[in-house]
Amino acid sequence: MRALVMAPLGEQGPSLEERELSDRSELPDRLKRAFSLRRNLRLLFVPPGTHLRPLDGLRALSILWVVVFHAAWYASPFVPIPAYVALLESRWMVPVWRGDFGVDVFFVLSGFLIAGLLIDERERTGHLDLTRFYWRRLLRLWPALLLAAVLNVALIGDHSSMVWANLLYVSNFVPILQGAMGWTWSLAIEEQFYLVCPWLVGGLAGLGASARLRTLAAVIALLVTVGAVVVVSGGFFAIDSEIAINRDFFRWTLGFDHLYVKPWMRAGPLLIGVFAAYLFRVPSFMAALSRRRGLGTAGVVVAFGVAAASTHWPLVVGTPRVVEVTFLATSRTLFGIAVAYVLLLSLSQQPLGRMLGRFLSSRVLYPIGQLAYGAYLVNPIVCAVVHKWRSPLVWEGRASPMVAFMPLDIAGTFVAAAAIYLFVERPFMTLRPGPETASNLVVPAEVPAASHRPLDVQRWLFAGSVALAAVLAWFNRFIQDDAFISFRYARHLAAGHGLVWNVGEPPLQGFTNPLWTLAIALGIRFGRDPVRLSQGLGLACFVIGLVLAGKLAARLTKFRSLGIAVVLGLGLNASFNAHATGGLETQSQAMFVVVVAWCVFRGCTGPSARSSVGWFAGASLAGGLALWSRLDSALLVGPLLLAALAQARRERSVRLALAAALPVTVLGASLAAFGWFVFHNLLPNTFYAKASGGDGTTLRSGFSYLFSFLTNYQFMPLLALAVYPIYLGRDSLRCPPFLVRALMFVAVVWGAYIVAVGGDFMEYRLFVPVLPLVAVLGTWLLSSRGERLVWGFTAASVVGSALFYARFAHLPFVDEAGAVETVRGLDAHLTNHDQDWGEIGRGVRHALACDRDITIAVMAAGAIPYYSDLRTIDMLGLSDPVIAREGVILGNRPGHRRGASLPYLVSKQVNIVLHPWPRSDPDRFSLDYTRQGVANRYVPLSRGEELPKDASIIEIPIAKDRPLRALYLVRDAKVDQCIASGGWRVLPIRP
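Conventions we followed
- Residues numbered from 1 in each chain as written.
- Predicted model: local features only at pLDDT ≥ 70, side-chain atom pairs only at ≥ 80, totals over all residues.
- Heavy atoms only, no water.
- Helix = DSSP H or I, 4+ residues; strand = E, 2+ residues; numbered from the N terminus.
- Buried < 20%, exposed > 50% of the residue type's maximum accessible area, 1.4 Å probe, protein only.
- Areas by Shrake-Rupley, 256 points an atom, 1.4 Å probe, with all protein chains shown as cover.
- Phe/Tyr/Trp six-rings, centres within 6.5 Å; stacked < 30°, edge-to-face > 60°.
- Lys NZ or Arg CZ within 6 Å of the ring centre and 35° of its normal.
- Contact = heavy atoms within 4.5 Å.
- Pairing = 2+ DSSP bridges.
- 1 Å grid on protein atoms, 1.4 Å probe; cavity = no way out; pocket = protein on both sides within 12 Å on 5 of 7 lines; lining within 4 Å.
- Points joined across faces, edges and corners; volume = space filled by probe spheres on them.
- Nonpolar A, V, L, I, M, F, W, Y, C, P; charged D, E, K, R; others polar.
- Axes fitted to C-alpha atoms, helices over the stretch in contact; angles between N-to-C directions.
- Parallel < 35°, antiparallel > 145°, perpendicular 65-115°, else oblique.
- Salt bridge = Lys/Arg side-chain N within 4 Å of Asp/Glu carboxyl O.
- Right-handed = clockwise from strand over helix to strand, strands pointing away.
- Patch = residues over 30% accessible without salt bridge, like charges linked within 9 Å, V, L, I, M, F, W, Y side chains within 5 Å.

The name an unreviewed UniProt entry gives the protein chain is Acyltransferase 3, with Labilithrix luteola as the organism.

Peer 1: For the overall build of the protein chain, give the residues involved together with the corresponding values.
Peer 2: Secondary structure summary: the protein chain contains 43 helices and twelve strands in total. When each of the 991 residues of the protein chain is scored for burial, the buried share is 57%. Element-wise, carbon and sulfur atoms account for 66% of the exposed surface of the protein chain, whose accessible area totals about 40800 Å².

Peer 1: Could you give an account of the packing of aromatic side chains, with specific residues and numbers?
Peer 2: Working definition: an aromatic ring pair is given by the centre-to-centre distance plus the angle between the planes. Using the criterion set out here, one finds 41 aromatic pairs in the structure. These aromatic residues form a ring-pair network of at least three members: W73, Y74, F107, W185, F249, W252, F256 and Y260. Across from the ring centre of F237, 4.8 Å away, lies the NZ or CZ of R321, which sits over that ring.

Peer 1: So what about helix 38 (residues 837-847)? Which residues, and what values?
Peer 2: Within helix 38, eight of the eleven residues are buried, leaving the element largely enclosed by the surrounding structure. When helix 38 is considered as a whole, its buried residues turn out to be W837, G838, E839, I840, G841, G843, V844 and A847. Considering only its buried residues, helix 38 is in contact with helix 37 (823-831), helix 39 (863-868), strand 7 (912-914), strand 9 (952-959), strand 10 (962-968) and helix 43 (973-982). In the stretch just after helix 38, A849 is the one whose phi turns positive, near 55°.

Peer 1: Talk me through the sheet that holds strand 4 (residues 871-874); I want residue IDs and the actual numbers.
Peer 2: Here we have six strands laid out as an open sheet, ordered 4-3-7-10-9-11, and mixed in their pairing. Edge positions in the open sheet fall to strand 4 and strand 11 (986-987), since each of these has one partner strand only. As paired elements, strand 9 and strand 10 share seven bridges and run antiparallel to each other. The partner of E955 across the bridge, within strand 10, is R965.

Peer 1: Just give me the short version of empty space enclosed by the protein, but keep the residues and values in it.
Peer 2: In this approach, a probe sized like a water molecule rolls over the atoms, and the result shows the empty space that is left. All chains considered together, the criterion is met by eleven cavities of 30 Å³ or more. Of the pockets and cavities examined, the second largest cavity occupies roughly 160 Å³. Along the wall of the second largest cavity there are 18 residues; nearest its centre are F101, S241, L328, S331 and R332. Looking at the lining of the second largest cavity, the elements that each hand over two or more residues are helix 12 (249-260), helix 13 (263-280) and helix 16 (321-346). Looking at the lining of the second largest cavity element by element, the count peaks at four residues for helix 16. When the residues that make up the lining of the second largest cavity are grouped by side-chain class, the tally is eight nonpolar, five polar and five charged.

Peer 1: Quick one: what's the story with unusual backbone geometry, residue by residue and with numbers?
Peer 2: Residues other than glycine predominantly adopt negative phi, and peptide bonds predominantly adopt the trans conformation. Phi is positive for M181, which is not a glycine, with a value near 50°. Within the secondary structure, M181 sits in the loop between helix 9 (163-167) and helix 10 (185-204). According to the relative accessible area criterion, M181 is buried, its value standing at 4%. Phi angles above zero are rare outside glycine, and D869 is one such case at about 60°. Inspection of the secondary structure assignment puts D869 in the loop between helix 39 and strand 4. By relative accessible area, D869 is classed as buried at 11%.

Peer 1: Can you explain the packing of helix 10 against helix 19 (residues 372-395)? Please cite residues and give values.
Peer 2: At their nearest, the axes of helix 10 and helix 19 sit 11 Å apart, and the two run at 135° to each other. Our classification of the angle between helix 10 and helix 19 gives oblique. Contact residues: helix 10 offers W185, S186 and L187, while helix 19 offers Y373, Y376 and L377. In the contact of helix 10 with helix 19, the residues fall into five nonpolar, one polar and no charged.

Peer 1: Help me get a handle on the side chain of N476, residues and values and all.
Peer 2: Within the secondary structure, N476 is located in the loop between helix 21 (457-475) and helix 22 (483-494). A residue is classified by how much of its surface remains accessible, and N476, at 11% relative accessible area, is buried. Contacts of N476, omitting those with residues within four sequence positions, involve N577, T581, Y805 and R824.

Peer 1: I'd love a proper account of the pattern of salt bridges, names of residues and values included.
Peer 2: A side chain with one charge can pair with a side chain of the opposite charge if their charged atoms come near. Summed over all chains, the structure comprises 22 salt bridges. A salt bridge links E121 to R132, with the shortest nitrogen-to-oxygen separation between them at 3.1 Å. Residue E121 is located in helix 7 (residues 101-125), and its partner R132 is located in helix 8 (residues 130-155); the two are separated by eleven residues in the primary sequence. A relative accessible area of 4% places E121 in the buried class. For E123, the salt bridge identified is with R212, shortest N-O distance 3.5 Å. One end of the pair, E123, is in helix 7; the other, R212, is in helix 11 (residues 209-234), with 89 residues separating them in the sequence. With relative accessibility at 14%, the residue R212 sits in the buried group. Beyond isolated ion pairs, a larger network of salt bridges with shared partners links E585, R630, D632, D760 and R765.

Peer 1: Help me get a handle on the pairing of strand 3 (residues 855-858), residues and values and all.
Peer 2: Burial along strand 3 is two-sided: T855 and A857 and I856 and V858, pointing in opposite directions, are all buried. Viewed along the sheet, the connection from strand 3 through helix 39 into strand 4 turns out right-handed. As judged from the three bridges shared by strand 3 and strand 7, these two strands associate in the parallel manner. By the bridge assignment, I856 is partnered in strand 7 with I912.

Peer 1: I'd like a description of a nonpolar patch on the surface, backed by residues and values.
Peer 2: A surface patch of nonpolar side chains, amounting to about 680 Å² of accessible area, comprises W164, L168, V170, F173, L222, V226 and W264. Turning to its location among the elements, V170 is positioned in the loop between helix 9 and helix 10. Judged by its relative accessible area of 31%, V170 falls in the partly exposed class.

Below, the structure written as structure tokens:
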């Protein structure tokens, strides 16, 4: 027989700190330690030295399941009925709608833990101290519940007079339509279980091991029988077990009140947990489970199959009545059996069990498990606040319910839960009267106890900083009109038409991001929405870039904490953060550049040439992918790869040189071949549209763009201060000098490039790819004077970003000339009710019956061509080779220098020229149109050019409150038919 040792179970049993406190008699000292924020924070992240960690992993996964389920369930009052129906019918939502079974996982764990405490106390002392047991349970659970009740009354207020039922743990006997805090029914069932469990354990104490298990099995079978009686007598069917409101509301309330919240219907998993607690203390059973490898693996498969089947009531719809009744009476209990098996397996030495145990023992899951109780209490309250605040996004069609609600639901829930844990739960747990036992669980000796490693605070702060930046980026997500240019090419490619702007035309590279466009096309091919896909990919690249930039800064300097400073300074920069989404390749380019820098650094500082080969090859591969993301990435990755080649030359290693040069050469050559053989041009058409046509003021625009960025983010004084540490103490810094020179060269060259091309019209988008390298370089330069200087600069950077956001959050431009649009201004083109170019595209598509024989022309050539799906002339030339090279000069706004001439539009047989009039534009209802007015609004007219005599202004019905005025340039029979059948208004044009 295997040796047995005793092991405490963290929250479920006293930790070392609690045992120390139990010996202290002075109340002030106990209070001081109980409310010590530092101590409580440590206990949140560091498990006790001997602890069954897999239980915390199960608890963490369960609360995450429940929180995601609540995001959908509590959305119903705040979203349109069609949106809620779409959630119910979505196949991707099936696991989410089963989230109520996460509570059954809690029940199994509660049965296992509470019964374990009582069994061990009864075995050790011969009796049970019920007074201490109930007092400890009360202090563990009631303070947090009281706080949640106060928050509910203050923020929600529904049926506040019934809160007494929640505080007395009888809310599961109050009808759901009359009660407050309806989600606390599970707490009531657990408390009712606490009343019964000590008597059950005491009654089983006098029996042998086999007799105890048989008795428990009989009690469980009796409960199943009671459940069957309830089902039959109430006339319930399988659908009545569904917690989602997918049927008559009165019928749903009956199912909720009789099947869902009553203790005799939900006690099965609790008793299964008690059963598992007894099995866990049978050494022969745990030994047999550890030895039988095949049985353990097969058992996991069966357990997951049983769990999945027991959560899916449609399986028994249409079956004989006895099958349906059996399912309703046993499904929760069967699910509990599956959970208990997985729990016991993870605590055994069976190989698969050890793997499962290591996963569930993850240090990431431990704090989530500790926050589970507080998260469960406040999650519906957070949902109510968030859903009410964010519901306009859903009603306006700008986001799906889960996208609008879930991220903030999760973040808000766990922030609130952490506050409750630190200031309520953990202090009262510490103040509970003396520990129940010195050890509360009998654990097989071969079950490894969790190691008591010191908390790596910096690692958690680093991860938290990245998470904060990612959450902020998702909260500030947007989509810009230019992204739809790539989406249109990607959609045509996915449909088999090739990389064409208009179906039937030759391929044209009207995009600067071939790798990004191909990735979007692949997603569209598999049915993904390009908007959500591009935002998700951009956010993933943003996170990867942040992590590598932070790690690179930490390795370059003497201080790990400076990696956190880089993540915060970079991730909280308003422009860098905003461009994490947007739909373009901006963050993917930045990510590949950071990967190149990281790999070059690791290769240059590697212990041997052999170990450096892989890093240099990775840098070269990432450099090639950066070229495929944007061709101008050569200016960013070229100097870094030259630094790698310099290192190879110093070490006189041909292998290193080949590793640094070959992949990027192959990928660069393939990009050139792609451009030449597919588009018959080495450079994208966008190059000619954006880099040509300047009138001598391009450099002035570029300098203005650069100066605007530096001044709006308060970087000018920071640059002046940075001169001091550059020359002081630079020799003490740990970094290969040639790599630092490469970083400096990259910053200077890219700045010169920005000036040379005249900047950009989007909020500082051109700075995004170089900002991570600049942040790393700046941190390296400043670190010679210690951490405080870097943190001071970081704080100043964050403050500058906050001031920028406060100033420009609701403005369309960052300059008075209107040359550079803010992120909010870019977003407004597609989401603002006054503009909504997507609505215009869909409206034109409907009005013209999506007839591709009709040709439109538009300057805003993104969402309108994408959603209209009509043959389109891009009047700015990004997707038109003639306009890009020979178009008329419109001005010097970056990316908008050339435009289509009237003769060219007529030669291309353009029927309708669109201008996306804002709803608030006072001229959109004008009845008087002149030649000059048309030139100002629709198409530039040169001296001597005349509109066709039969040209007119037509009014296309886009929406009920939005007729769109358009220039009817070249007449077409199909357009005339649309005008006649739709009763469109036609306005003449005066000379």
